[in-house]
Amino acid sequence: MSKSFTPALKEILIEASCHFQSQGKGDHEIWYSPITQRRFVVDKSIKSRHTANAVLKQAGSQKSF
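Worth saying up front: this structure is predicted, and the values here are computed from it rather than measured. Sequence positions are assigned chain by chain, starting from 1 and proceeding in written order. Totals for whole chains, interfaces and linings use all residues, but because this is a predicted model, local features are given only for residues with pLDDT of at least 70 and pairs of side-chain atoms are given and counted only at 80 or more. Excluded from the side-chain calculations are hydrogens and water; all other atoms, namely the structure's heavy atoms, are used.

*Asks:* Go over the pairing of strand β2 (residues 28-33), please, and point to the residues and values.
*Replies:* Whether two strands pair depends on DSSP finding at least two bridges between them. Numbered from the N terminus, helices here are DSSP runs of H or I no shorter than four residues, and strands are runs of E no shorter than two. With 4 bridges joining them, strand β1 (residues 19-23) and β2 adopt antiparallel strand pairing. By the bridge assignment for β2, H19 is matched with Y32. Counting the residues that bridge the hairpin from β1 to β2 gives 4 residues, and of these G26 lies at a positive phi of roughly 60°. Summarising the sheet, β2 and strand β3 (residues 38-43) pair through 6 bridges and their orientation is antiparallel. Following the sheet pairing, S33 is matched in β3 by R38. Between β2 and β3, which follow one another and run antiparallel, lie 4 residues, and Q37 among them has a positive phi close to 55°.

Dropping the structure here:
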C-alpha cells in the first residue's frame, strides 16, 4: 500500500504561509496561497507524487517531492 503525500504536503504549504480556508466536496480541502493569491484544492489522501507536486506548483512553492 502506498503512503499518502498529504501530511508532508501540508507541512510544506504551512511553511510557505498557505492556509486552510474551507472544506470542499468529499475529502477535498480548499487552501489559499498568499504567494499566488489563489485558492487551490488539497485532497485528504494524495497517493501520486505528480499530484502532490502539482499542488505545490499551484501554491507557488519551489519545493517538490
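*Asks:* Summarise the packing of aromatic side chains; cite the residues concerned and give the values.
*Replies:* Note on ring pairs: Phe, Tyr and Trp rings are taken, using the six-membered ring of Trp, and paired if centres are within 6.5 Å. Classes follow the plane angle, with under 30 degrees stacked, over 60 edge-to-face and the rest tilted. Evaluation of the coordinates by the stated rule reveals 1 aromatic pair. Relative to F65, the ring of F5 has its centre 5.1 Å away and its plane inclined at 65°; by these criteria the two rings are edge-to-face. Separated by 60 residues along the polypeptide, F5 in the segment before α1 (6-15) and F65 in the segment after α2 (49-59) bring together distant segments of the chain. In this structure, K3 packs its charged tip against the face of F5, placed 4.6 Å from the ring centre. Two conditions define a charge located above a ring, namely a distance within 6 Å from the ring centre to NZ of Lys or CZ of Arg, and an angle within 35 degrees of the ring normal.

*Asks:* Got a sec to walk through the sheet that holds β3? Specific residues and values, please.
*Replies:* Taken together, the 3 strands give an open sheet; going across it, the order is β1-β2-β3, and neighbouring strands pair in antiparallel fashion. In this open sheet, the two edge strands, each paired with only one partner strand, are β1 and β3. On average, adjacent strands in this sheet sit at an angle of 35° to one another, irrespective of strand direction. Any two residues whose heavy atoms approach within 4.5 Å at even a single point are treated as in contact. To obtain each axis, a line is fitted to C-alpha atoms, and for helices this fit is confined to the stretch in contact; angles are then taken between N-to-C directions over 0 to 180 degrees. α2 contacts β2 and β3 of the sheet and is inclined by roughly 160° relative to β3.

*Asks:* Account for the pattern of salt bridges, with residues named and values stated.
*Replies:* We define a salt bridge as a contact between a side-chain nitrogen of Lys or Arg and a carboxyl oxygen of Asp or Glu at a distance within 4 Å. In this structure the tally under the stated criterion is 2 salt bridges. The residue K10 makes a salt bridge to E29 at a minimum N-O spacing of 3.1 Å. Of this pair, K10 sits in helix α1 while E29 sits in strand β2, placing them 19 residues apart in sequence. Taking relative accessible area as the criterion, K10 reaches 21% and is therefore assigned partly exposed. Among the residues examined, E29 registers a relative accessible area of 8% and is labelled buried. Of the charged contacts in the structure, one is a salt bridge between K63 and E15, with a shortest N-O distance of 3.1 Å. Residue K63 is found in the segment after α2, and its partner E15 is found in helix α1; the two are separated by 48 residues along the sequence. Burial classes follow relative accessibility: with a 1.4 Å probe on protein chains only, a residue under 20% of its type's maximum area counts as buried, one over 50% as exposed, and anything between as partly exposed.

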